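Breakdown of the fold
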Amino acid sequence: MYAILCRIFPRRVAVVLTAMVWTLLLLLIYALSVGPEGDFRYFRI
Amino acid sequence: MTFLQLHVLLWLCGAAMLVWIVPGRFARWAIALTTAAFLGVYAPVSLVLLLMSSAITVALARRSSSAAVLWSGVSLMAMLLAWFKLGGLFPAIVPRRIFQEAVPLGLSYYTFRQIHYLFERMKNRLPEHGLLDFLAYMFFLPTLMVGPINLFGDFARDLNRRRFDGAMLSRGLERVLFGYAKIVILGNYVASFLVAKAIFKVQAGNPALAQYLDCLRHGANLYFQFSGYCDVAIGFAAVMGFRIVENFHYPFIARNINDFWNRWHMSLSSFCRHYVFTPVASAMRLPYVAILVSMLVLALWHEFSLRYVAWGVYHGAGIALWQVFNAHRHRLPGPGGPVGKALVQALSIFVTLNFVIVGFIFTKEPDLPAAGAAFLRLLGLEG
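Residues numbered from 1 in each chain as written. Chains lettered and ligands numbered in written order. Predicted model: local features only at pLDDT ≥ 70, side-chain atom pairs only at ≥ 80, totals over all residues.

1. Considerations on the overall build of chain B
A tally of helices and strands in chain B yields 17 helices and zero strands. Against the compact-globule benchmark of 21 Å for 383 residues, chain B has a radius of gyration of 22 Å, which places it among compact chains. Evaluated residue by residue, chain B yields a buried proportion of 41% over its 383 residues. Pairs at least 24 residues apart make up 70% of the contacts formed inside chain B by residues separated by at least 6 positions. (Helix = DSSP H or I, 4+ residues; strand = E, 2+ residues; numbered from the N terminus. Rg over C-alpha atoms; globule rule 2.2 N^0.38 Å. Buried ≥ 20, exposed ≤ 12 C-beta atoms within 10 Å, placed from the backbone. Contact = placed C-beta atoms within 7 Å.)

2. Observations concerning the interface of chain B and chain A
The partner chain A presents 19 residues to the 17 residues of chain B that form the contact. Top contributing element to the side of chain B that touches chain A by residue count: helix 10 (residues 166-203) of chain B, with 14 residues.

3. Topic: unusual backbone geometry
Residues and elements named next belong to chain B. Notably, Tyr 250 is not glycine yet its phi reads approximately 45°, a positive angle. When you line up the elements, Tyr 250 lands in the loop between helix 11 (207-239) and helix 12 (257-261). The class of Tyr 250 is exposed, set by 10 C-beta atoms lying within 10 Å. Look at His 265: it is not a glycine, yet its phi comes out positive at around 40°. Residue His 265 is classed as buried on the basis of its 22 C-beta neighbours within 10 Å.

4. Focus on the packing of helix 11 of chain B against helix 16 (residues 338-364) of chain B
Residue and element names in this part refer to chain B. At a minimum axis separation of 8 Å, helix 11 and helix 16 run at an interaxial angle of 80°. In this view, helix 11 runs roughly perpendicular relative to helix 16, as classed from their interaxial angle. Contacts from Cys 215, Leu 216, His 218 and Gly 219 of helix 11 reach helix 16 at Val 356, Ile 357, Val 358, Phe 360, Ile 361 and Lys 364. Classifying every residue of the contact of helix 11 with helix 16 gives seven nonpolar, two polar and one charged. (Axes fitted to C-alpha atoms, helices over the stretch in contact; angles between N-to-C directions. Parallel < 35°, antiparallel > 145°, perpendicular 65-115°, else oblique. Nonpolar A, V, L, I, M, F, W, Y, C, P; charged D, E, K, R; others polar.)

5. A few points about the nonpolar core
Nonpolar side chains tend to gather and get buried jointly when the protein is soluble and globular. Residue and element names in this part refer to chain B. The biggest cluster of nonpolar side chains holds 103 residues, and the ones touching the most others in it are Leu 118, Ala 136, Tyr 180, Ala 233, Phe 236 and Ala 237. Per element, the largest residue contribution to this core is eleven residues, and it comes from helix 11. Two domains each provide a minimum of three residues to this core, namely domain 1 (6-161) and domain 2 (251-378). In this structure, Ala 237 is in contact with Pro 142, Thr 143, Phe 242 and Ile 244, ignoring residues within four places of it in sequence. (Core = buried A, V, L, I, M, F, W, Y, C linked by C-beta atoms within 7 Å. Domains from an automatic or database assignment.)

6. A closer look at the domain arrangement of chain B
Frequently, the measure chosen for interface size is the accessible area removed from exposure when the parts meet. Residues and elements named next belong to chain B. If you check the domain split of chain B, you get domain 1 (6-161) and domain 2 (251-378). For domain 1 versus domain 2, the distance between C-alpha centres works out to 29 Å. Residue composition of the side of domain 1 that touches domain 2, by class: seven nonpolar, five polar and one charged.

7. Focus: the confidence of the model for chain B
In the predicted model, chain B carries a mean pLDDT of 89, and 95% of its residues have values of at least 70. Looking over chain B, one finds the lowest element-wise mean pLDDT in helix 5 (residues 96-102) of chain B, namely 51, and the highest in helix 12 of chain B, namely 95. (pLDDT = per-residue confidence, 0-100.)

Below you can see the structure in the form of structure tokens.
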């Protein structure tokens, strides 16, 4: 993804955008799996 | 304590940011002190043990190059690990309470790293390095808890050469995401919940089939969980600018049991090959005994229990049988054309996969009698 973003944006912007996208996806997994203890665990759809 | 806990993830993010924020000459301090602070907060026993064992390791390695002195260091680290793991096999000797409460976080990994360091010192294969390089290696947060057992030479090289690289950062973050997805979605949800529920329905009608499917499910779950944890560790290491050895490489398509151990928990099997199999084989000139000893060490590293002894013997016997077969294979007629070769390959993968997943009965069941009962169920000899 970084390589694709580098073609569209300057390198520094691409780094920040890459980090943001992966972090958002990780937060999505967290939101779908957060258990009563507040940890990743109980993924259910 | 695992990567699934939110505070561990936050500490890893903090460590990754700090290592790039501080000036390069303080990066070693940043790596070591962040991990020391983490252990101080969550596992003080582990911090004390890691500090003490690292001090002993570095003192022995710097003061002497004598094999006897370095072997005593290796034995000391092995005994330290054995003492804390013995509670599983001899609860009367090491009370269960101590065993459960004080098995230090990451002990299995850092003692093996120290043994690796001492062996490499013995063979004069360590690169030029300072005390801080060693401390950063021992106190490297991403690989502290679940490995892989990374090598000092690779780590020291990256420590000196690391530069901020957007592509590596992206690959690292991607790997972290894939790791969490493997653990949480494929492991916890698909294998442990959906598939387990489906197998439960088969249980009443066909217990043998249910047992076989459960072995498959258990193997897949182990793979997703453990390789997922390794992905997170390797990913965070990449974010910090370090390339860590891979630990899994499509193990379930291995063509023989030897090949399987070159693909499953590769850092541990490589450790056992270099530091257990080679010394034992060269000292005793009995390769089959060396295979058995290596597989026992590998198994007992996971847990000191009879079921893991049985698992180690099972795999040791499997590798020895494969070696015997391989030595005499040339006497058998060849597979013929490309179709024959493809069939032989498919059969090899099928046999290896089944050998491995049936072996998972030992690790799946709580003890050896339960594993025996599960074997009988698998053979359809018990309702």
